[in-house]
Amino acid sequence: MVDSWKVQWFNQPMKNILAGIVVALALIPEAIAFSIIAGVDPMIGLYAAFIIATVTAIVGGRPAMISGATGAVALVVTPLVKEHGVEYLFAATILMGLIQLVLGILKVGRLMKFIPQSVMIGFVNALGIMIFLSQIEHIFNISIATYIYVIITLLIVYIVPRFFKAIPAPLIAIILLTALYMFTGANVHTVGDLGTIKQALPHFIIPQVPYTLETLQVILPFSVSMAIVGLVESLLTAKIVDEFTNTYSSKNKESRGQGIANIITGFFGGMGGCAMIGQSVINVKSGATSRLSTLTAGIVLIFMIIVLGDLVVQIPMPILAGIMVMVSIGTVDWHSFKYVKNAPKTDAFVMILTVIIVLMTHNLAIGVIVGVVFSALFFATKISNVNVTTETFDETLHVYFEGQIFFVSIDSMMNQIDFNVDHSVIELDFNHAHLWDDSAVNAIDTIVQKFEANHNTVYVKKLNSDSRKIISELSQINHNQLI
């Protein structure tokens, strides 16, 4: 336990601290931008980024993952802020955290195993595309100097790691090019152009809303939506970081950690948030492996706001945009083109559909849910082929069933049976079949009844233990007929 604690916190401390500094700088424009999307003061997003990153570093399940204010959650709460104001946002955020905490206690992380690889690939690709598209406004149609800063940033981030890895290349780009901007005064947009940064710490608040059933009816739909969107994005991000680092993390602990972080955020004047895939990738690519990187990101973020606010607002946006472009390139799974060509058509379709839905809705959770639903439908279709064959010997008609019998496969199964048999002994053989649901039981009852209507004697034989159990519980068949 002690060794695990040391690894999670103090493995390669300097590398993790430097990675956290890079992430902190990248968090600032994102938090401000998401605040604008939600229609709230930029400080609400910055406070959320600080609190959520710091809290999840301590109680989250995935070391080196970055959480904070996110666009997915911001999009959900925009109507709430517009119609009811920011105090209702704080209340909804607290309730969101409570819902996530309960889901974590109920071990919602187990649901991750139901997300197929095709959906994961689509999720990652959509994310890479969204990260790139979100940077376009900071790059194009601004000035020649903006293009130059972006190009130099891309070159630094791409080339420097090949020769020097002691300091993360994105941090080198930020320091050098910000100093260049402060010296030359180039015509570029800066962090300060996105919103005003107030040099003040967050403080404890109680949301000023009526504590009535009516208020609960207002915030509950938003809280549930935020909780689900936040958990889906967080757990998928955790899974991606698992794969990047070849390590395992507790998804249930992460769910509880996200809930605790959002509860605290709401009480300190922040908006809801979740894991941030872009910043998490920056963190891991910068060499982060431990919780120290996430804690550093949160602490450095608030330090920069309080102490270095005047310097932070002068960081040119094209530098941060260039870093995010490199992140988007590294996020996209470039083997997807080969995957589309070689994978089963249904899997390729699900991957592409996931990407399209995410890009259309700008909501990663919706894309994942749609992808999972279609994957389930295709899977059900694939396994719904039940083969029925017949053979007569010893004056007995043997009907053999082979396959998975459930609500999808019943029609095709029934169409293969010839009920024009009378005054015979019939044995329904399920040695190579499995009954899954009440629809399957009802279908067997129907088969038996139809044969018996023609004065046949019917027996059901060779059911496996699970199929026999569901038959004994739900079927109308006489137990003497089970052999």
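What you see is a predicted model, and the numbers here were worked out from it, not measured in a lab.

1. Looking at the nonpolar core
For step 1, the next point in the chain: With 105 residues, the main nonpolar core has Ile28, Leu46, Val191, Ile197, Met271 and Leu301 as its most contacted residues.
For step 2, the next point in the chain: If you tally residues by element for this core, the top one is helix H2 (residues 13-38), at 12 residues.
For step 3, the next point in the chain: In this structure, Ile28 is in contact with Leu46, Val191, Ile197, Leu301, Met304 and Val312, ignoring residues within four places of it in sequence.
For step 4, the next point in the chain: Judged by nonpolar contacts, the second largest core, of 31 residues, contains Val388, Met414, Val421 and Leu435.

2. As for the side chain of Ser409
For step 1, the next point in the chain: Along the polypeptide, Ser409 turns up in the loop between strand E4 (396-405) and helix H18 (410-415).
For step 2, the next point in the chain: At 2.9 Å, the side chain of Ser409 forms a polar contact with the backbone oxygen of Gln404.
For step 3, the next point in the chain: Sequence-distant contacts of Ser409, that is, excluding residues within four places in its chain, are made with Ser384, Val386 and Gln404.

3. Quick notes on the domain arrangement of the protein chain
For step 1, the next point in the chain: Here the domain parsing of the protein chain yields domain 1 (1-335) and domain 2 (385-474).
For step 2, the next point in the chain: The C-alpha-based centres of domain 1 and domain 2 are spaced at 56 Å.

4. Thoughts on the environment of Leu463
For step 1, the next point in the chain: Checked against the element boundaries, Leu463 lands in the loop between strand E6 (457-461) and helix H20 (465-474).
For step 2, the next point in the chain: Taking the C-alpha atoms as reference, Leu463 lies 70 Å from Asn141; in sequence the two are 322 residues apart.
For step 3, the next point in the chain: Dropping the residues within four chain positions of it, Leu463 is found in contact with Phe430, Leu435, Arg468, Ile471 and Leu482.

5. Quick word on the packing of helix H7 (residues 144-159) against helix H8 (residues 169-184)
For step 1, the next point in the chain: Relative to each other, H7 and H8 sit at 150°, their axes nearing to 9 Å. The angle between H7 and H8 places the two elements in the roughly antiparallel class. Between H7 and H8 lies a crossing whose hand is right-handed. Residue-level contacts link Tyr149, Ile152, Thr153, Ile156 and Val157 of H7 to Ala169, Pro170, Ile172, Ala173, Leu177, Leu180, Tyr181 and Thr184 of H8.
For step 2, the next point in the chain: A breakdown of the residues in the contact of H7 with H8 according to their chemical character gives 11 nonpolar, two polar and no charged.

6. What about the layout of surface pockets?
For step 1, the next point in the chain: One number sums up the size of the largest pocket: a volume of about 730 Å³.
For step 2, the next point in the chain: Those elements that provide at least two residues to the lining of the largest pocket are H2, helix H4 (71-84), helix H6 (117-135), helix H11 (277-285) and helix H14 (317-331).
For step 3, the next point in the chain: Tallying contributions element by element places H2 first for the lining of the largest pocket, with seven residues.
For step 4, the next point in the chain: When grouped by side-chain class, the residues that make up the lining of the largest pocket number 19 nonpolar, eight polar and three charged.
For step 5, the next point in the chain: The space that makes up the second largest pocket amounts to roughly 520 Å³.
For step 6, the next point in the chain: In this structure, the second largest pocket is lined by 20 residues; those nearest its centre are Val157, Pro161, Pro170, Lys285 and Ser286.

7. Side note on a nonpolar patch on the surface
For step 1, the next point in the chain: A surface patch of nonpolar side chains, amounting to about 820 Å² of accessible area, comprises Leu213, Leu216, Leu220, Val224, Ile228, Phe349, Ile369, Val373, Phe374 and Leu377.
For step 2, the next point in the chain: When residues of the nonpolar patch are traced back to their parent elements, those giving at least two are helix H9 (213-245) and helix H17 (364-382).
For step 3, the next point in the chain: With five residues, the top contributor of residues to the nonpolar patch is H9.
For step 4, the next point in the chain: By the secondary structure assignment, Leu216 is in helix H9.

8. Comments concerning unusual backbone geometry
For step 1, the next point in the chain: One non-glycine residue with positive phi stands out, namely His423, at about 50°.
For step 2, the next point in the chain: Along the chain, His423 falls in the loop between H18 and strand E5 (425-435).
For step 3, the next point in the chain: Given the relative accessible area of 63%, His423 is considered exposed.

9. Re the sheet that holds E5
For step 1, the next point in the chain: One open sheet accounts for four strands, arranged E3-E4-E5-E6; its pairing is mixed. With one partner strand each, in any of the chains shown, strand E3 (387-393) and E6 form the two edges of the open sheet. Taking each pair of neighbouring strands and ignoring which way they run, the sheet shows an average axis angle of 20°.
For step 2, the next point in the chain: Examined bridge by bridge, E4 and E5 share nine bridges and lie parallel to one another. Pairing of Leu397 across the sheet is with Ile426, part of E5.
For step 3, the next point in the chain: In the packing of helix H19 (residues 438-453) onto the sheet, contacts are made with E4, E5 and E6, and the angle to E5 comes to roughly 170°.

10. Some points on H19
For step 1, the next point in the chain: The end-to-end C-alpha distance of H19 is 22 Å, a good match for the 22 Å that 16 residues give at a rise of 1.5 Å each.
For step 2, the next point in the chain: Restricting attention to buried positions, one finds in H19 the residues Ala440, Val441, Ala443, Ile444, Asp445, Ile447, Val448 and Phe451.
For step 3, the next point in the chain: On its buried face, H19 sits against E4, H18, E5, E6 and H20.
For step 4, the next point in the chain: Trailing H19 by a residue or two, His455 shows a phi angle of about 65°, which is positive.

11. Examining the pairing of E5
For step 1, the next point in the chain: Burial of E5 is extensive: eight of the 11 residues sit out of reach of the surface.
For step 2, the next point in the chain: Following the chain from E4 across H18 to the adjacent parallel E5, one finds a crossover that is right-handed.
For step 3, the next point in the chain: Here five bridges tie E5 to E6, and the two strands are oriented parallel to one another. The partner of Ile426 across the bridge, within E6, is Val458.
For step 4, the next point in the chain: Each parallel crossover has a hand, and the one from E5 via H19 to E6 is right-handed.

Parameters at a glance
Residues numbered from 1 in each chain as written. Predicted model: local features only at pLDDT ≥ 70, side-chain atom pairs only at ≥ 80, totals over all residues. Heavy atoms only, no water. Core = buried A, V, L, I, M, F, W, Y, C linked by side-chain atoms within 4.5 Å. Buried < 20%, exposed > 50% of the residue type's maximum accessible area, 1.4 Å probe, protein only. Helix = DSSP H or I, 4+ residues; strand = E, 2+ residues; numbered from the N terminus. Contact = heavy atoms within 4.5 Å. Polar contact = N/O pair within 3.5 Å; in protein donor to acceptor, adjacent residues only side chain to side chain. Domains from an automatic or database assignment. Axes fitted to C-alpha atoms, helices over the stretch in contact; angles between N-to-C directions. Parallel < 35°, antiparallel > 145°, perpendicular 65-115°, else oblique. Left-handed = near helix turned anticlockwise from the far one by under 90°. Nonpolar A, V, L, I, M, F, W, Y, C, P; charged D, E, K, R; others polar. 1 Å grid on protein atoms, 1.4 Å probe; cavity = no way out; pocket = protein on both sides within 12 Å on 5 of 7 lines; lining within 4 Å. Points joined across faces, edges and corners; volume = space filled by probe spheres on them. Patch = residues over 30% accessible without salt bridge, like charges linked within 9 Å, V, L, I, M, F, W, Y side chains within 5 Å. Areas by Shrake-Rupley, 256 points an atom, 1.4 Å probe, with all protein chains shown as cover. Salt bridge = Lys/Arg side-chain N within 4 Å of Asp/Glu carboxyl O. Pairing = 2+ DSSP bridges. Expected span 1.5 Å × (residues − 1). Right-handed = clockwise from strand over helix to strand, strands pointing away.

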